[in-house]
Amino acid sequence: MAGHSLTKGRVVALLAHRLAILAYVAFALFPLYWLLKVSVTPNKLLYSEGIRMWPSQTSFEHFDFVLKHSEFPTFFKNSLIVAGSTALIVTALASLAGYALSRFSFRGKYWIVALMLLTQMFPLVMLVAPIFKMLSPLGLTNSLTGLVIVYTAFNVPFATFLMQSFFDGIPKDLEEAAMIDGATQFGAFRQIILPLTLPGIAATLGFVFTAAWSELLFSLMLISGNAAATFPVGLLSFVSKFSIDFGQMMAAGVMALIPACLFFLLIQRYLVQGLTAGAVKG
Amino acid sequence: MASIDISNIRKSYGIHPVLHGIDLEIRDGEFVVLVGPSGCGKSTLLRMIAGLEAVTDGEIRIAGKRVNDLAPKDRDIAMVFQSYALYPHMSVAKNMSYSLRLRKMAKEKIASVVAGAATKLGLEPLMERRPKALSGGQRQRVAMGRAIVREPKAFLFDEPLSNLDARLREQMRAEIKKLHKDLGATSIYVTHDQIEAMTLADRIVAMHGGIIQQVGSPLDLYDNPANLFVAGFIGSPGMNFFEGRYIKLNGKSVFAPTGGVELLLEAPANLEEGSRATLGIRPEHVVLGADGPEAQMAAIDLVEPTGFGIILHLTLGPVSLKAFTLDRRFLNATGEIAVRLPGSHLHFFDESGRKV
Ligand SMILES: Nc1ncnc2c1ncn2[C@@H]1O[C@H](COP(=O)(O)OP(=O)(O)OP(=O)(O)O)[C@@H](O)[C@H]1O
Ligand SMILES: [Mg+2]
């Protein structure tokens, strides 16, 4: 409506509004821009040109090097395996647990929720040593499986609360109608509720995937050597005792952004869709 | 189709009792309407019959078979929700066929059953739409369609029309009545709407505070309310009540409203002399513009024309009184008016509120 009668006051207000948004977007994206800029700056210009918004000459030499001569492809693959499996396992568990918390009342529910909240209250650093002690005799240090287990454990509580809130948003009438129509409770969950929770599932998948993808602390502590290193740890290998290879590091960083971007592109249709519209009146 | 027998049903949520021993026998093919104020336990009773709510105590039988511990899916009952509860990710056709697909009915059979129901409800042009692309009235029809395709043992309705506008509600009410005539299915229907209850019901069950107050035909409840609650609840505008004492004066029966003019009764009431009692009369039974020895003068406070008739708000002595008339002469009445409370239409309730 604002566009129709453009009085002076409105133009100013509109302009201020847009400028504020623009400023915020620029602020948020600037580090990414810098990442991209450094990644395409040839080595010889990196320290010689001073601070410029765009190098006078660009090249893909860093990308080339990272892909062909570093272990980055291994890191990338490891991260993909770890983050992907974690996301899938956590989302599956959280869907079931979230549904139970949302729909059933059972003995001990209060304590389960309290304990799950409790796990979210500790700084993770405190837990590194005990976890290492537990995983090491099981042969799960220095292994991707160990990482998946740890990440799953840490992400399930929050993801469960997230899924619970999505289930809470779906009217109970729907599965009751399904059960009267002849479905079992699980049938109603699978055929009626689950399809309606796709946006929530997508959001949870995305959230857990990115969390696992960028996790540094545990993968640093539990993994030694490059074979099982994930990408955030791998990035550190560009830091040597004597120098930091910024160009290659940034190139690796840019490539590491790709899966997350693809992932969100894939699920964004579910994130914006209001699938429950029209279910119940009011 | 089947009968439903409810014997001594109780329900508590935690320590809070909601239903206190409900007994009700519903015959095969009967249309029973549950009415009562909000929170009296109508939905709870309905949901217990459907199997959505556990039975705390008592027994529910459908077609003679105890169903207390059966899952909803094994009770073969259809329910229409107030919210309609249509599956938003399924088309109208899929919504209607869901129960049949779960029963693994043959595809061709499903198609013909669904098409038949769609014709009955005028839904054919909408079959491929999603619920969100339907109007409220159309959604309501789909919810009905989803129930009738199954040919269940009984239909349960929880305020199915309360989200529709008045005109549409009237139309759907007639359609439900017609459907019931066609299918002859046992139905239990919860509503707040007096007219729905009166027009649809074979029998009305009036509930209050988790207890059945009266069961009977609509006119039964209207003409012979069992107690003060039913008398006040059924009918709109509601019955007038006067509190007072039943006494004998010079050998004649008299009702003396507290602080009001004594009313000479034509016949003695079944009350003890000197006992406290409540007298009730429906607004349409108050005779306006009366003459004769029993006429009393009442002040006119307000005149409400409803189009169909006129509601007059009167003050008779210390008590207020409503009168309903179809006579347009009273549209412009002001000041005072002579009224008479004819003996044949008076209801008496004893101290505990029971009709005598
Ligand atoms: N899950 C529940 N837990 C606790 N109390 C409940 C629950 N469901 C209903 N109640 C209580 O049970 C009583 C009866 O509720 P019910 O829904 O049956 O009323 P109703 O007659 O259908 O009312 P309305 O006409 O408003 O729909 C209410 O006092 C309500 O607060
Ligand atoms: Mg209700």
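Residues numbered from 1 in each chain as written. Chains lettered and ligands numbered in written order. Predicted model: local features only at pLDDT ≥ 70, side-chain atom pairs only at ≥ 80, totals over all residues. Heavy atoms only, no water.

## Describing the site of ligand 1
All names here are of chain B.
Logical step 1: Within the structure, ligand 1 sits among Tyr13, Val18, Ser38, Gly39, Cys40, Gly41, Lys42, Ser43, Thr44, Glu159 and His192.
Logical step 2: Between ligand 1 and Cys40 there is a distance of 3.3 Å, counted from an oxygen atom to a backbone nitrogen or oxygen.
Logical step 3: Here Thr44 contributes a side-chain N or O atom positioned 2.5 Å from an oxygen atom of ligand 1.
Logical step 4: Within the complex, 56% of the 630 Å² of free accessible area of ligand 1 lies under protein.
Logical step 5: Counting residues per element, the shell around ligand 1 draws most heavily on helix H1 (residues 42-50), at 3 residues. (Near = heavy atom within 4 Å. Polar contact = N/O pair within 3.5 Å; in protein donor to acceptor, adjacent residues only side chain to side chain. Areas by Shrake-Rupley, 256 points an atom, 1.4 Å probe, with all protein chains shown as cover. Helix = DSSP H or I, 4+ residues; strand = E, 2+ residues; numbered from the N terminus.)

## Focus: the UniProt feature "transmembrane region" (unreviewed entry) in chain A
All names here are of chain A.
Logical step 1: Within the UniProt annotation, "transmembrane region" (unreviewed entry) is assigned to residues 12-36, 80-101, 110-132, 144-167, 188-210, 216-239 and 251-272.
Logical step 2: Helix makes up 100% of residues 12-36 and strand 0%, with an end-to-end C-alpha separation of 34 Å.
Logical step 3: Helix makes up 78% of residues 110-132 and strand 0%, with an end-to-end C-alpha separation of 30 Å. (UniProt positions renumbered as here; feature names shortened; annotations may be inferred.)

## A few points about the nonpolar core
Logical step 1: With 100 residues, the main nonpolar core has Ile192(A), Ile49(B) and Met207(B) as its most contacted residues.
Logical step 2: Sequence-distant contacts of Ile192(A), that is, excluding residues within four places in its chain, are made with Leu174(A), Ala178(A), Gly187(A), Tyr87(B), His89(B), Met90(B) and Tyr98(B).
Logical step 3: Leu86(B), Leu100(B), Met172(B) and Ile176(B) belong to the second largest nonpolar core, which has 45 residues in total. (Core = buried A, V, L, I, M, F, W, Y, C linked by side-chain atoms within 4.5 Å. Buried < 20%, exposed > 50% of the residue type's maximum accessible area, 1.4 Å probe, protein only. Contact = heavy atoms within 4.5 Å.)

## Points about the domain arrangement of chain A
Residue and element names in this part refer to chain A.
Logical step 1: Domains assigned within chain A are domain 1 (2-59) and domain 2 (68-277).
Logical step 2: Summarising the inter-unit geometry, the C-alpha centres of domain 1 and domain 2 are found 32 Å apart.
Logical step 3: Each partner contributes residues to the interface: domain 1 has 8 residues there, and domain 2 has 9 residues.
Logical step 4: Here domain 1 and domain 2 share an interface that buries about 610 Å² over both sides, 77% of which is from carbon and sulfur atoms.
Logical step 5: When the area that domain 1 buries against domain 2 is broken down by residue, the three leading residues are Leu35, Val38 and Ser39, summing to 58%.
Logical step 6: For the pair domain 1 and domain 2, the number of links is 0 residue pairs in polar contact (both at pLDDT 80 or more).
Logical step 7: When residues in the side of domain 1 that touches domain 2 are grouped by element, the largest group, 5 residues, is from helix H1 (residues 8-39).
Logical step 8: Residues of the side of domain 1 that touches domain 2, tallied by class, amount to 6 nonpolar, 2 polar and no charged. (Domains from an automatic or database assignment. Buried area = accessible area lost by both parts, 1.4 Å probe. Nonpolar A, V, L, I, M, F, W, Y, C, P; charged D, E, K, R; others polar.)

## Things to note about the domain arrangement of chain B
Residue and element names in this part refer to chain B.
Logical step 1: Per the domain assignment, the segments of chain B are domain 1 (4-233) and domain 2 (240-349).
Logical step 2: Each partner contributes residues to the interface: domain 1 has 8 residues there, and domain 2 has 6 residues.
Logical step 3: Summing the contributions of domain 1 and of domain 2, the shared interface buries around 620 Å²; its carbon and sulfur component is 61%.
Logical step 4: Together, Tyr222, Leu228 and Ala231 form the three largest contributors to the area buried by domain 1 at its contact with domain 2, with a combined 72%.
Logical step 5: The interface formed by domain 1 and domain 2 includes 0 salt bridges.
Logical step 6: Across the contact surface, domain 1 and domain 2 share 2 residue pairs in polar contact (both at pLDDT 80 or more).
Logical step 7: At the level of secondary structure, the elements contributing two or more residues to the side of domain 1 that touches domain 2 comprise helix H7 (218-223) and helix H8 (228-233).
Logical step 8: When the residues that make up the side of domain 1 that touches domain 2 are grouped by side-chain class, the tally is 5 nonpolar, 2 polar and 1 charged. (Salt bridge = Lys/Arg side-chain N within 4 Å of Asp/Glu carboxyl O.)

## Description of the sheet that holds strand E9 (residues 203-208) of chain B
All names here are of chain B.
Logical step 1: Judged by pairing direction, the sheet is mixed, and its 6 strands sit side by side in the order E6-E7-E8-E3-E9-E10 without closing on themselves. Sheet topology places strand E6 (77-80) and strand E10 (211-216) at the edges, where each strand pairs with a single neighbour. Averaged over all neighbouring strand pairs, the angle between strand axes comes to 20°, with direction disregarded.
Logical step 2: As paired strands, strand E7 (residues 154-158) and strand E8 (residues 186-190) are joined by 5 bridges and run parallel to one another. Each bridged residue has a counterpart across the sheet, and for Phe157 the counterpart in E8 is Tyr189.
Logical step 3: Of the strands in this sheet, strand E3 (31-35), E6, E7, E8 and E9 touch H1, which is tilted by about 150° from E7. (Pairing = 2+ DSSP bridges. Axes fitted to C-alpha atoms, helices over the stretch in contact; angles between N-to-C directions.)

## A short note on the interface of chain A and chain B
Logical step 1: With 23 residues of chain A at the contact, the number on the chain B side is 27 residues.
Logical step 2: For the pair chain A and chain B, the summed buried area comes to about 2,200 Å², and 61% of that belongs to carbon and sulfur atoms.
Logical step 3: A salt bridge links Arg150(B) to Asp181(A), with the shortest nitrogen-to-oxygen separation between them at 3.6 Å.
Logical step 4: Elements represented by at least two residues in the side of chain A that touches chain B include exactly helix H8 (172-181) and helix H9 (185-196) of chain A.
Logical step 5: A per-element tally of the side of chain A that touches chain B places H8(A) first, with 8 residues.
Logical step 6: Class assignment of the residues belonging to the side of chain A that touches chain B gives a composition of 13 nonpolar, 6 polar and 4 charged.

## Digging into the side chain of Glu175(A)
Logical step 1: Topologically, Glu175(A) is positioned in helix H8.
Logical step 2: If near-sequence neighbours (up to four positions away) are discounted, Glu175(A) is found in contact with Tyr99(A), Arg103(A), Gln185(A), Ala188(A) and Ile193(A).

## Considerations on the sheet that holds strand E14 (residues 276-281) of chain B
Residues and elements named next belong to chain B.
Logical step 1: Pairing within the open sheet is antiparallel, and its 5 strands lie in the order E13-E12-E11-E14-E20. Two strands close off the open sheet at either side, each with one partner strand: strand E13 (263-264) and strand E20 (347-349).
Logical step 2: Where strand E11 (residues 240-249) meets strand E12 (residues 252-257), 6 bridges bridge the pair, whose relative direction is antiparallel. Opposite Arg245, over in E12, you have Ala256 as the bridge partner.

## A few points about the pattern of salt bridges
A side chain of one charge can pair with a side chain of the opposite charge if their charged atoms are brought near each other.
Logical step 1: All chains considered together, the criterion is met by 17 salt bridges over all chains.
Logical step 2: Residue Glu176(A) pairs with Arg47(B) through a salt bridge whose shortest N-O separation is 2.8 Å. Of this pair, Glu176(A) sits in helix H8 while Arg47(B) sits in helix H1, on two different chains. The two residues Glu176(A) and Arg47(B) agree in class, both being buried.
Logical step 3: Taking the shortest distance from any N to any O, the salt bridge between Arg146(B) and Asp181(A) comes out at 4.0 Å. With Arg146(B) in helix H4 (residues 136-148) and Asp181(A) in helix H8, the pair connects residues from two separate chains. Like Arg146(B), the residue Asp181(A) is buried in the burial classification.

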